[in-house]
Structures are given as structure tokens and as C-alpha cells.
Amino acid sequence: MSEHLLSLAIWVPIVAGLIVLATGGDSRAAWARLIALLGAGLGFLVTIPLYTQFTLLHGGMQFVEKMPWIPAFNINYHLGVDGLSMFFVILNAFTTLLVVVAGWEVIQKRVAQYMAAFLIMSGLINGAFAAMDAMLFYVFFEAMLVPLYLIVGVWGGQNRVYAAVKLFLYTLMGSLLLLVTFIYLYFHAGKTFEIAEFQHVLLPLSVQGFMMIAFFFAFAVKVPMFPVHTWLPDAHVEAPTGGSMVLAAITLKLGAYGFLRFALPIVPDAAREWGWIIIGLSLVAVVYIGLVALVQTDMKKLVAYSSISHMGFVTLGFFMFTDGAPTTYGVEGALVQMISHGFVSAAMFFCIGVMYDRVHSRNIADYGGVANTMPTFAAFFLLFAMANSGLPATSGFVGEFMVIIGAVKVNFWYAFAAATTLIFGAAYTLWMYKRVIFGEVANEHVAELNDVNLREFTVLVILAVTVLGMGLYPQAFTEKMHASVDTLIMQVKHSKLP
Amino acid sequence: MTLASLNLVAALPEIWLLFAVSAVLLIDLFIKDEQRDVTYTLSLIALVGSAVLTVQGFSWMPRVAFAGMFVADAMSDVLKLGMYAAVGLMLAYSRAYAADRQMYRGELFTLSLFALLGMMVMASATNLLTLYVGLELLSLSLYALVALPRDSKPATEAAMKYFVLGALASGMLLYGMSMIYGATGSLDIHAIAAKVASGTASRTLLVFGLVFIVTGIGFKLGNVPFHMWVPDVYQGSPTAVTLLIGSAPKLAAFAFVMRLLVQALPGLMADWQGMLIVLAVLSIGVGNLVAIAQTNLKRMLAYSTISHMGFMLLGILAGTLQGYAAGMFYAIVYAIMAVAGFGVVLLLSRAGFEAERLADLKGLAQRSPWFAWMFLLVMFSMAGIPVFVGFFAKLAVIQAIVDLGLVWLAVVAVLFSLVGAFYYLRVVKLMFMDEPVDSSPIAVKPDMRVLLSINCLAVLVLGLMPDSLLQLCFESIRHSLGML
């Protein structure tokens, strides 16, 4: 059993998704929901041992599975997780469970297809995080776009088709260059797609530079980094609540994870040489996008821009080099920030979804005084808003703080610029919160609001517990990362120039 | 020529098919219109018979017949099996369509089977004349098939265009062949190869002939800049015939290029490589860009064919075993996808209604969710999205050219396939995200439902386990070219 945990994490949701799909039309929607919940629940359960049985003794791969898949190209079905990827598999399974619950009553149109798309996507994302073979990674990484495209395009808002196509083509553009890079590396690594072998290939700086560009396009689009971030606000705004949750919590992380797994260890010299560009773009994301978020009138757009700003911290943490390698604080802080943002942004989107389901508007101006009619909801929303602005004792604080500590070690001004997020983040989140929740009851829509029901309450409680828990005891996360982060830093230190 | 050197056993599938088609032709004269199912069944039996003979006679070693004019090797056998499947599926899919349009009669069956015979000869020919005869048998059958609905203006126009340009291409090809014959003094591809390798043949003359041969090939494959006929013919032909033109002949064309360029003229590889690079890049670029502007589904698929043929050429021009195998894999995969794609177009057509506008796909997910999902598989596969098999075909080809060091070519190819993804996505968008204009349910016969589903699912299943087909292509190319 335990030697196939990762396979289970991938295939349980996919098989469940196919079964859900087989229930067919909306006349059997109740069955579709129930099977989806069971599938997502089971999918989450099988990922828990990944945490409990995770050994701290070494920074290498654990729960490894390997068998040949396409011998003609020497592509292996090779899975494994280390401290860098393990949390994302769990986070993904967890988010999927929440998404199924979040869409329980809200989705009335083509329920089976909706649930199936999420379950299948969940399995594919797990595959991308667990793949140890570059082509296997690529297959999962790309295949994920198919359900995502349908989710945004079929169940999204008014401008959904535009957003879906933009999302698909942007991300595909990046990954096609990645494909060429992988094939190039395949020949230079002795006809293998093993990521571990890729990390030992010696490459001249010019080639590393081209690869860096390819990696940048592939992963920066997913993160998304300034200036290739423009698909995200569209996709987020038009996606259904569940889609936004998964996009923010998981798919963005896949981009950052790509930098960590591929860009840093495979082309470390290029990262040293041109890392300043990425740092610059990250700081632009943190500061400029933070300001952009401030002026949004649409709540979802605001949170989308805040996601870009928060992800700027992640890439900042990865690319701040001292002594030829990123700092431990920087990388671990960035990883913690990724996990925390997974919870917080999912929670923020869920909260907006709760209001949207009742009022059918995302405009801040259409709300006001929600606290009067939905007090319980307002309390939860406040907690998540605080976490989003990085209040100590919430998960949002830990990662940002660690990255800033790392930045101080490298360059005071990096740290200074990054720290402004604590002001901007608080400004845009809390100002939105004030306008939506406080004040007089703005209109009759708000006056008619009912507070959260049991289903919504459960989701909110679970998210609140994790956000607080991670803020109070981040050790539970960082201790699992240490060994793998150290291994990574050693690898980056080692020059790959021939 | 002694009887032993004839070695008719090697050509048994072709001989059987010839007799079977003649029988179908004769029997069809004596039956009434409502009994056409008899000739339909007989045609399928003819196909199955050929398939059985091909499988039974299969061997990795090439078997030569007609004193070296004809060879049954692993490559041709595998391609032939693909052709039988494509033609068989075409006949099965087009039953209802043809019956609604007074096309369900002997001509459809016999011409299709004669076209198939032409393709089989093309795949197995080892002599310039045999190659040409096979090509003409295929082409003439196709011209007639396109013109089958006599009263239809678009069909007649398409047939005319196809015929004139096809004849021009054949002329080019023949002229090129005559130059090669003049330079080497032989029509046998192995003798030509030996003569070229010896260096005694006039290089100027050879390259001069090669230019015409590549032009002829470009016309037949529909490569840019010789592609002008493709969209018009695809659009004007009855969809059943478009399905045939778009699928099995691509397999024959692959073998044709292999015999002419790789087996007969390996000594001129440096020359044809350069020409094919131009053809391939233009095809991938123009095909994908122009497809975006199409509102007609058949025209869009025609431009998509042009770009796919460009990809196939990329594999061949790599000039390595891997490259040829990748090209063969691409051709087979493309045939599967094309049959499935046009199959869905056929499905949407009814009596008196020709589904060919993109708008006819609107809301298919509500009218027929199952086939919408099936078509989605095909579209994503054509776009080259994993885990569908179209991705592995592109991967194989790109891998072959990166191995050659042509990284820039790989980058160009993938960037244009990004452009291509756009119009495939639009089809998915129309099916899943738009409301249906015509909400009448789609009537599908059970045999078609099963076959089309298997056909579409093959795209997914082969994508999940592409290895055996890849190995099969690799091994058959390796044995057929004698590279051990």
C-alpha cells in the first residue's frame, strides 16, 4: 500500500472523476455529488500518510515508484516526493475536497461534468508534483489544461470564453518551449528524461541562458509573474468559485514549483547571472501589482491581483543569491508562503463566492454593511482578510517574514521594497473589507442576506483552523522541508559550466 | 521473367483485392437499389480478406515480387493495415450519409477499393513506374469519387480542380522521374541508389530531376506552396469522400516519399533535406495561420491537414531511422485522427443538410454529450496536447529534428502549433460553451456509434500507451530499409 501512495493520490481522483462522468445528465446530479465527495475524500485520505510517514533523515525522494512507460523514448512512470513537493500534493487533495463541497448547491448545470473536471484535474496536478521524469511531468502539466479550460469556459462568468482561451494559450505558449528544452536535455543527458540526470548535465552559459528563457516562459506564465500575469485576473474573475480556488491555491504553485525543480538546479549559472532580472520582476509584482490591487472595484479581481503580488514573494525568495545559492530562509519562506497562500486565497475566493451566490455581484460598490446581516460570515472573512495582509499569528505572516529576513541578508533595499507589501497588502485587503462588511446596510439585497449555512460554515471552520494553525506552529511545515532545501542549495552552488 | 521471379505470393493481398473489386463491380450490376447492403458487405469482406492475407504473409524480411518491381516489407504491410482500417471505417461511417444522397451504390464501393489498391501499390512499389501507376490508380479513383454527386456544383468544381492540378502534379513527377532515369539509366530504386552512390551519374541532372520530384510530392501531399487545391477539394467533395482523401492516402504518401527520396535518392539527401525544410516550415506556418480564418469546418480541417503533413515531412527530413519512424508514426496517428474527425462531421449531416460550417457544431455537448466528448478527444489530440496520441506524434518528430541539431526548426514548429491550438480550441468552445442553434437530436446507427467511439477512444488509449505502435514503426522502418 504505502509503496503506491503517490499512484493512489493521482489515480483515485481520476478514476472517481470518470465514474462521476459516467453518471451522466443532471437527473442523477445527487449521485454525481455524492460520488465526487467520496472520491475527493478518499483522494485526500491517501495523501495523509505522505506527511505522517515522511522521513526527515535525508533530502532525497521518498515514496518512489518507477516503471517503464514508453521505452521507445525512455520515458518512465517515475514518481517521488521530497520536502519541496510533498505539501503540494496534500494541499491539492485538500483543496479539491473543499471545491466539491463549495460547489455542492451552487452548481446546478452539468453537475457531473463539473465535479469530474475537478477530480480529474486534481489527479493530474498531483502527477505533475510527483513526477520525477521530465516528460511525465510535462504530460501532467499540459493535460491539466484540458479540464481547466472547460471549468473556466463552461461554468465561468460572462466573459468566460475569452478568459478560458487566454488562459489556455498563454500557458501553452510557455510549455511548448519547455518541451523543446526537455528534448534538448534528453540528448545531452544520455537519452533519458530523468530530472535527476538533467541536473548533472554540463551546459555552457549561452545555452543555459536560452533554457532560462524557456523555463521563464513556461513557469513565469503559471506563477504568474509580471509582465505575463495578465491572464490571471481574467481567468479568476470569470472562473466559478471552485475554479478560482484551485487556480489560486494550486495551479499557480505549479509554476513556482517548476522554478524550484527545474530552473534552479538545471541552469544554476544562468540563475546566478540573470537572477537579478527575476528579482526585479518579483519586486515589481510585489509593489506595483499591490498598488493595482488597491484600485480594483471587483472583489475577485482584487484578490487575483493580491495573488500575483504574493507570488512575487515566492519568486523573490527563490532567486535571492548569496554565495552563489539562494538562502535557506528565502527558499523555505517562499515555500511556506506558497502553502499559506494556498489556504488563504482559497478562503478569500470562497468568501467572495458565498456573497456572490446570494447577491450575484462581485462589485465592492454593491455591498456594504454585510456584518449586520451575516455576522458569523463577517468574523471568518475578517480572519482571512487579516491573513491575506500578513498579520502575525496567521499563516500569511510566516512566509513573508522569512523571505524578508532572507532578503535583508542579501540586499537591504530588496528587503525594504518587499516589506512594503505589509502596508499595501493591509491597505487593499482591509479597505475592501471595510467597504463590503462595515457601515450601514447599503441596499435591499444586502438586507435580505442570510448568514452562512452548515455546509459553508464547515468549509470556513476548516480553513480558519489551518490558517491559524500554520501561523502559530509553522515548524510542522518547515521541519519537513529542511533536508530537501539544503540538498537543493548544495546543487545550485555547484556550477554546471563545462 | 520466369514464374519464380514473379513471386506472386508477396502480392497476394493486392491480387485478392483486385479480384474482389472486380467481383463487387459485376455483382453490383445485377442487384436492385435496396439491396446495396450486399455489395457493402462484400466490400467489407474484400477488406477483411486483404487484411488476413497481409497479416498472414507478414514477415520482417522484405519479400520481392515481379522481378524487383514490387516489395512487401514490414513498412508497407503496416501501412496497408492502416489503409484497410481507414477505408473500412470510411465505408461504415458514410453508409447513412451516402444513402441520403443517392451515393450508396456500387461506384462508391468499387472506386474506394480501387483507390485502396492504388495506395497499396504505392506503398509497395520499388520501381519508378510502379510507383507512378499506383499513384495514378489512386488519383483517378479519387477524381471520380469527388464527382460522384453529379448534380452538385461544388463537387463537380472540386473534381475539376483536383483533376487539373493533380494531372499537373503527375506531369511534374513524371518529368522528374525521366530526368532521374536519364541520369542513372534505371527505373529500379535500388539501382538508382547504387548509381547515385557510385558518383558516376550527372549531379546536375539528378538535382534538376529531384526538384520536379519534390514539387510533385509537394502537390500530392498538399504542402505549401503547392496546397491551393486542398481546401477547395476538401470543401467541395461529399464529406464521405473528404474522409477518404484526408486519411488513408496520407499513409500511401508517406511510403511514396520514403521510396522516392529515402530509398532511391539517399545520395541526394543534403539536397532534398533543404527543400523539405522549406516545404515543412511553410506548411506548418501557413496551414495553421490560415486555418484560423476559416468558418467552414471542412476547410479548417483541410488547412489542419496541410500543417500536419508539414510535421510528417519534418520527421522524414531528419534523415535518421528515428526520423523516418517518427514520420511513419505521425502518418498513422494522423490517419486515425482524420477518420475520427471527419466521422463526427458525417454524423452531424442529415438528409438534405450538409454539416460543414463551424457553427453547426454549436452546443453539441447538449445535443449529444457523448460525441461532443469524443470530438474533444480528437481536437485536443490534433492540437498536440498530452496525453492524447497526437502529442506523442509531435514529440517523436521534434525529438528527431532536435537530435539533428535543428533546434530552431523545432522552436518554429512548436510555436506554430501554438497557433494551431487556437482553432482546435475554438471547436471545443463551440461544442461546450455555446448554445445549440439546431436542437434536433442526432440520430446515430448503433454500428456507427460503436465504431466511431472506438475510433475516438483510440486517440486516448494510444496516447496512454503509445509504446507498441512506436516500436512497431521503428522496427518496420529498420527492417524495410535494411538498416540493421
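Conventions and cut-offs
Residues numbered from 1 in each chain as written. Chains lettered and ligands numbered in written order. Predicted model: local features only at pLDDT ≥ 70, side-chain atom pairs only at ≥ 80, totals over all residues. Heavy atoms only, no water. Helix = DSSP H or I, 4+ residues; strand = E, 2+ residues; numbered from the N terminus. Rg over C-alpha atoms; globule rule 2.2 N^0.38 Å. Buried < 20%, exposed > 50% of the residue type's maximum accessible area, 1.4 Å probe, protein only. Areas by Shrake-Rupley, 256 points an atom, 1.4 Å probe, with all protein chains shown as cover. Lys, Arg positive; Asp, Glu negative; His and termini not counted. Charge placed at Lys NZ, Arg CZ, Asp CG, Glu CD. Salt bridge = Lys/Arg side-chain N within 4 Å of Asp/Glu carboxyl O. Phe/Tyr/Trp six-rings, centres within 6.5 Å; stacked < 30°, edge-to-face > 60°. Core = buried A, V, L, I, M, F, W, Y, C linked by side-chain atoms within 4.5 Å. Contact = heavy atoms within 4.5 Å. Expected span 1.5 Å × (residues − 1). Bend = angle between axes of the 7 residues up to and from the residue. Axes fitted to C-alpha atoms, helices over the stretch in contact; angles between N-to-C directions. Parallel < 35°, antiparallel > 145°, perpendicular 65-115°, else oblique. Left-handed = near helix turned anticlockwise from the far one by under 90°. Nonpolar A, V, L, I, M, F, W, Y, C, P; charged D, E, K, R; others polar.

Student: What is the right way to read the overall build of chain B from this model?
Tutor: Helices and strands together make up the secondary structure of chain B, namely 21 helices and two strands. Compactness check: chain B gives a C-alpha radius of gyration of 21 Å against a globular reference of 23 Å for 484 residues, within 12% of the reference. Taken over the C-alpha atoms alone, chain B extends approximately 70 × 55 × 40 Å along its principal axes. In chain B, buried positions account for 63% of the 484 residues. As displayed, chain B offers around 16,100 Å² of accessible surface, 70% of which is attributable to carbon and sulfur atoms. Taken together, the 27 basic and 25 acidic charged side chains of chain B have centroids lying 3 Å from each other.

Student: Explain the pattern of salt bridges to me, please; I cannot follow it from the model alone.
Tutor: Oppositely charged side chains can form a pair if their charged atoms are brought close together. Counted under the stated rule, the structure contains 23 salt bridges over all chains. R362 of chain A is paired through a salt bridge with D298 of chain A; the nearest N and O atoms lie 3.2 Å apart. Within this pair, whereas R362 of chain A is found in the loop between helix 14 (328-359) and helix 15 (370-373), its partner D298 of chain A is found in the loop between helix 12 (268-294) and helix 13 (299-319), the two being separated by 64 residues in sequence. Of the residues examined, D298 of chain A reaches a relative accessible area of 11% and is grouped as buried. Across the pair R299 of chain B and D232 of chain B runs a salt bridge, and its minimum N-O distance is 3.0 Å. A residue pair is termed long-range when its members are at least 10 positions apart, and R299 of chain B in helix 14 (residues 297-317) and D232 of chain B in helix 10 (residues 229-236) qualify at 67 residues. Linked through salt bridges whose partners overlap, the residues forming this network are E105, R358, R455 and E456 of chain A.

Student: Explanation requested: the packing of aromatic side chains in the structure shown.
Tutor: Each pair of aromatic rings is reported with the distance of its centres and the angle of its planes. Across all of its chains, the model carries 55 aromatic pairs over all chains by this definition. Where Y149 of chain A meets F168 of chain A, the ring centres are 5.4 Å apart and the plane angle is 75°; that geometry is what we call edge-to-face. Taken together, the positions of Y149 of chain A in helix 6 (residues 145-155) and F168 of chain A in helix 7 (residues 160-188) put the pair 19 residues apart, joining distant regions of the chain. On the basis of relative accessibility, which here comes to 1%, the residue F168 of chain A falls in the buried class. For the pair F58 of chain B and W60 of chain B, a centre-to-centre distance of 5.3 Å together with 75° between the ring planes defines the contact as edge-to-face. By relative accessible area, which is 32% here, W60 of chain B ends up partly exposed.

Student: What is the right way to read the nonpolar core from this model?
Tutor: One recurring pattern in soluble globular proteins: nonpolar side chains tend to sit buried together. Grouped together as the largest cluster of nonpolar side chains are 404 residues, with contacts concentrated most on F182, F259, F318 and F377 of chain A. With 22 residues, helix 15 (residues 321-348) of chain B is the single largest residue contributor to this core. Excluding anything up to four places from it in sequence, F318 of chain A contacts A256, F259, L260, L264, P326, V331, A334 and M338 of chain A.

Student: When you look at helix 12 of chain A in this model, what are you seeing that I'm missing?
Tutor: In an α-helix there are 3.6 residues to a turn, and that puts residues three or four apart on one side. With 27 residues, helix 12 of chain A extends 36 Å between its outermost C-alpha atoms, agreeing within 8% with the 39 Å of an ideal straight helix rising 1.5 Å per residue. Its maximal kink placed at W274 of chain A, helix 12 of chain A deviates by approximately 60°.

Student: Mind showing me how you'd approach unusual backbone geometry here?
Tutor: Among all residues except glycine, the phi angle is most often negative; among peptide bonds, the trans geometry is most common. Across the junction of F226 of chain A and P227 of chain A, the peptide omega takes the value 5°, indicating a cis bond. Secondary-structure assignment places P227 of chain A in the loop between helix 9 (205-222) and helix 10 (231-238). In this structure, P225 of chain B follows V224 of chain B across a cis peptide bond, with omega equal to 5°. Looking at where P225 of chain B falls in the secondary structure, it is placed in the loop between helix 9 (203-221) and helix 10. We note that H360 of chain A has phi near 60°; this positive angle belongs to a residue other than glycine. Its place among the elements puts H360 of chain A in the loop between helix 14 and helix 15. Take H360 of chain A: its relative accessible area is 56%, and that puts it in the exposed class. Within the chain, F66 of chain B stands out as a residue other than glycine whose phi angle is a positive 50°. When you line up the elements, F66 of chain B lands in the loop between strand 1 (63-65) and strand 2 (70-72).

Student: Explanation requested: the packing of helix 10 of chain A against helix 13 of chain A in the structure shown.
Tutor: In a pair of packed helices, the angle between the axes and the distance between the axes together describe the arrangement. All names here are of chain A. At a minimum axis separation of 9 Å, helix 10 and helix 13 run at an interaxial angle of 140°. Classified by the angle their axes make, helix 10 and helix 13 are oblique. The two elements helix 10 and helix 13 meet at a crossing, and its hand is right-handed. Packed against helix 10, whose contacting residues are L232, P233, H236 and V237, the element helix 13 presents K300, K301, A304, Y305, S307 and I308 at the interface. Of the residues belonging to the contact of helix 10 with helix 13, the class tally is six nonpolar, two polar and two charged.

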